[in-house]
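Now for the letters of each chain:
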Amino acid sequence: PWSVALAVLLAGVALTRELPPWREPARTLSFDAVQGRDWAPAAELRAELVVWPEGAYKGELARLPKPAADTLLTAHDKGKNVAVLLQPDGSISIAEKEVLVPFGEYMPRFLSFLRHVSPRTDTLAPGAPSKPLQLPTGGFAGTLICYENLSPGRARRLVAQGADFLVTQASSSWTPDRRAAEMHARFSALRAIETRRAVLHVADRGPTVLFAPDGRELDRLEHGRSGRLHGAIPLPERR
């Protein structure tokens, strides 16, 4: 086991060395990330992009009011968990969640007989592969809903499709353990290092963290607090 772990570590170091060093950004995108469990329209949130955590909005997409700024939230739509980019003119763009959490978002078919002992397990279906969402500013946001940030393959694909940065919209209210929420956020740091893209990790109970393309923390709102994190997402040079 130790030899395997050492081999994986050395391979990771070698891969990281092949990546180009991160430089100060040529351009940025201002954001307001809300840390809280209940969605409400807020006129004072007027950054270029407003991001809400997973589960903050619990209504139907058709009932969403027009926001003051481009807003990224999540919703359940047609039996799927989706990231929604809502614009001030009322138009929406959707990216479906592909990687679902077993026993939380769905019950594995071969274990369906256990549903009676787990009645709170949802019945969501995995989404179709989705491309990054295009912002009116011209940038592209790659969306990872909650534990999708554990999937390096999805993050890499989103960047290969043109994502200028990644956003993880998470729910950390399922556990009071600060360490579990912190560990989840750290996976977003790994995705930043691997893809050389900034990752904004937004969780309902926190922590909410902006990671630079080299994995460094640029801004943070600590676990257990309600409020908003305001900052600027570093973006790569235009292609």
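For the structure itself, look to the data block above.
Just so it is clear, the model here is predicted, and its values are computed rather than measured. (Residues numbered from 1 in each chain as written. Predicted model: local features only at pLDDT ≥ 70, side-chain atom pairs only at ≥ 80, totals over all residues. Heavy atoms only, no water.)

Right, let's get into the nonpolar core. Across soluble globular proteins, nonpolar side chains show a tendency to be buried alongside one another. Core analysis: the biggest nonpolar cluster contains 21 residues, and Leu49, Phe165, Leu200 and Ile233 have the highest contact counts within it. Put simply, the parts of the chain that give this core at least two residues each are strand S1 (27-35), strand S2 (49-51), strand S8 (165-170), strand S9 (199-203) and strand S12 (227-235). Contacts of Leu200, omitting those with residues within four sequence positions, involve Phe31, Ala33, Val51, Leu166, Val167, Thr168, Val209, Leu210 and Ile233. In terms of nonpolar packing, the next biggest core, distinct from the first, is built from 15 residues, Val34, Ala56, Ala69 and Val84 among them. (Core = buried A, V, L, I, M, F, W, Y, C linked by side-chain atoms within 4.5 Å. Buried < 20%, exposed > 50% of the residue type's maximum accessible area, 1.4 Å probe, protein only. Helix = DSSP H or I, 4+ residues; strand = E, 2+ residues; numbered from the N terminus. Contact = heavy atoms within 4.5 Å.)

Reading across the sheet, the six strands line up as S6-S7-S8-S9-S10-S11 and stay open at both edges, with mixed pairing between neighbours. Two strands in the sheet have a free side with no partner beyond their single neighbour: strand S6 (133-134) and strand S11 (217-221). In the sheet, S6 pairs with strand S7 (residues 140-145) via two bridges, with the strands oriented antiparallel. Among the inter-strand pairings, Gln134 is bridged to a residue of S7, identified as Phe140. Along the sheet, helix H2 (residues 152-160) contacts S7 and S8; its crossing angle with S7, the most-contacted strand, is approximately 165°. Helix H3 (residues 178-195) contacts S8, S9, strand S10 (208-211) and S11 of the sheet and is inclined by roughly 165° relative to S9. (Pairing = 2+ DSSP bridges. Axes fitted to C-alpha atoms, helices over the stretch in contact; angles between N-to-C directions.)

Their axes nearest at 10 Å, the elements H2 and H3 cross at an angle of 45°. Judged by the angle between their axes, H2 and H3 are oblique. Remark: the crossing between H2 and H3 carries right-handed chirality. Every residue of H3 that contacts H2 at Pro152, Ala155, Arg156 and Val159 is listed here: Arg191, Glu194 and Thr195. (Parallel < 35°, antiparallel > 145°, perpendicular 65-115°, else oblique. Left-handed = near helix turned anticlockwise from the far one by under 90°.)

On to the sheet that holds S1, then. Strand order in this open sheet of six strands is S5-S4-S3-S2-S1-S12, and the pairing throughout is mixed. Of all strands in the sheet, those bounded by a partner on one side alone are strand S5 (92-96) and S12. Recorded for the sheet is a direction-independent mean angle of 30° between the axes of neighbouring strands. Relative to strand S4 (residues 80-86), strand S3 (residues 71-77) is paired through seven bridges, and the arrangement is antiparallel. Along S4, the bridge assignment pairs Ala75 with Val82.

If you check H3, its first and last C-alpha atoms are 27 Å apart, about what 18 residues at 1.5 Å a residue would give, namely 26 Å. If you check which residues of H3 are buried, you get Ala181, His184, Ala185, Ser188, Ala189, Arg191, Ala192 and Thr195. Buried positions in H3, seen along its axis, are confined to an arc of 160° and lie on one side of it. The outward face of H3, more than 90 degrees from its buried face, is lined by the exposed residues Arg179 and Met183. Elements that come into contact with the buried residues of H3 comprise H2, S8, S9 and S10. Of the residues that open H3, the one with a side-chain oxygen 2.8 Å from the backbone nitrogen of Arg179 is Asp177. Following H3 by one or two positions, Arg196 has its phi on the positive side, about 55°. (Expected span 1.5 Å × (residues − 1). Arc of directions from axis to C-beta. Polar contact = N/O pair within 3.5 Å; in protein donor to acceptor, adjacent residues only side chain to side chain.)

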